[in-house]
Amino acid sequence: MSQHAAADGAGPLVRPYAMTHGRTRPSSDNFDLIALVVAADGPVSTEGLEPEHRSILNLARQPVSVAEISARADLPVGVVRILLDDLRVRGAVQVRSPMSGAKAPTKRVLRAAINGLRAL
């Protein structure tokens, strides 16, 4: 059985490194799984973009998490992060990082909330 025969039933296969042009990491580290991605408001040139880039842009018409893009586009998270980096460099998407530790409630506030719920 040839390699192609095994893949015939699975449909077209594209290795992740082909989609990312051999890159294994994005140039930035702020692509947390729960970071929100939204497409830019203005027109963006799609010249030179892969179909996967276009799919991500379509999904990001409304704010969507990195994890959700990965699931909906059926792409590995690592590939999505690299493709998002490409799109962000072009100004095609904005990535909003999740709430930082400085903005998170303190332990005192969380304990007060838990105690209040227990009192109910």
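Analysis parameters
- Residues numbered from 1 in each chain as written.
- Predicted model: local features only at pLDDT ≥ 70, side-chain atom pairs only at ≥ 80, totals over all residues.
- Heavy atoms only, no water.
- Helix = DSSP H or I, 4+ residues; strand = E, 2+ residues; numbered from the N terminus.
- Buried < 20%, exposed > 50% of the residue type's maximum accessible area, 1.4 Å probe, protein only.
- Contact = heavy atoms within 4.5 Å.
- Areas by Shrake-Rupley, 256 points an atom, 1.4 Å probe, with all protein chains shown as cover.
- pLDDT = per-residue confidence, 0-100.
- Core = buried A, V, L, I, M, F, W, Y, C linked by side-chain atoms within 4.5 Å.

- As named in an unreviewed UniProt entry, the protein is DUF742 domain-containing protein, taken from Actinocatenispora comari.

### Regarding the overall build of the protein
Alright, step 1. Each helix and strand in the protein was counted, giving six helices and three strands.
Alright, step 2. Across the protein, helices and strands are ordered from the amino to the carboxyl terminus as α-α-β-α-β-α-α-β-α.
Alright, step 3. The buried share of the protein, taken over its 120 residues, is 28%.
Alright, step 4. Taking the contacts inside the protein whose residues are at least 6 apart along the sequence as the reference set, 75% of them involve residues at least 24 apart.
Alright, step 5. In the structure as shown, the protein presents an accessible area of about 8500 Å², 54% of it carried by carbon and sulfur atoms.

### Topic: the confidence of the model for the protein
Alright, step 1. Per-residue confidence for the protein gives a mean pLDDT of 78, with 71% of residues at or over 70.
Alright, step 2. For the protein, the element scoring lowest by mean pLDDT is helix 1 (residues 3-8), at 45; strand 2 (residues 64-65) scores highest, at 94.
Alright, step 3. Of the regions scoring below 50 in pLDDT, residues 1-8 engages in two contacts with residues more than four places distant in sequence or in other chains.

### Side note on the nonpolar core
Alright, step 1. Core analysis: the largest hydrophobic core is formed by 22 residues, its most contacted members being Val-37, Leu-57, Ile-69, Leu-84 and Leu-87.
Alright, step 2. Those elements that place two or more of their residues in this core are strand 1 (36-39), helix 3 (51-59), helix 4 (66-73), helix 5 (77-89) and strand 3 (93-96).
Alright, step 3. Among the elements that line this core, the one with the most residues is helix 5, at five residues.
Alright, step 4. Not counting residues up to four positions away in its chain, the partners in contact with Val-37 are Ala-60, Gln-62, Pro-63, Val-64, Val-66, Ile-69, Leu-84, Val-93, Gln-94 and Val-95.

### Looking at unusual backbone geometry
Alright, step 1. Positive phi outside glycine occurs at Asp-74, with the angle close to 55°.
Alright, step 2. Of note, Asp-74 is situated in the loop between helix 4 and helix 5.
Alright, step 3. Under the relative-accessibility criterion, Asp-74 is labelled exposed at 69%.

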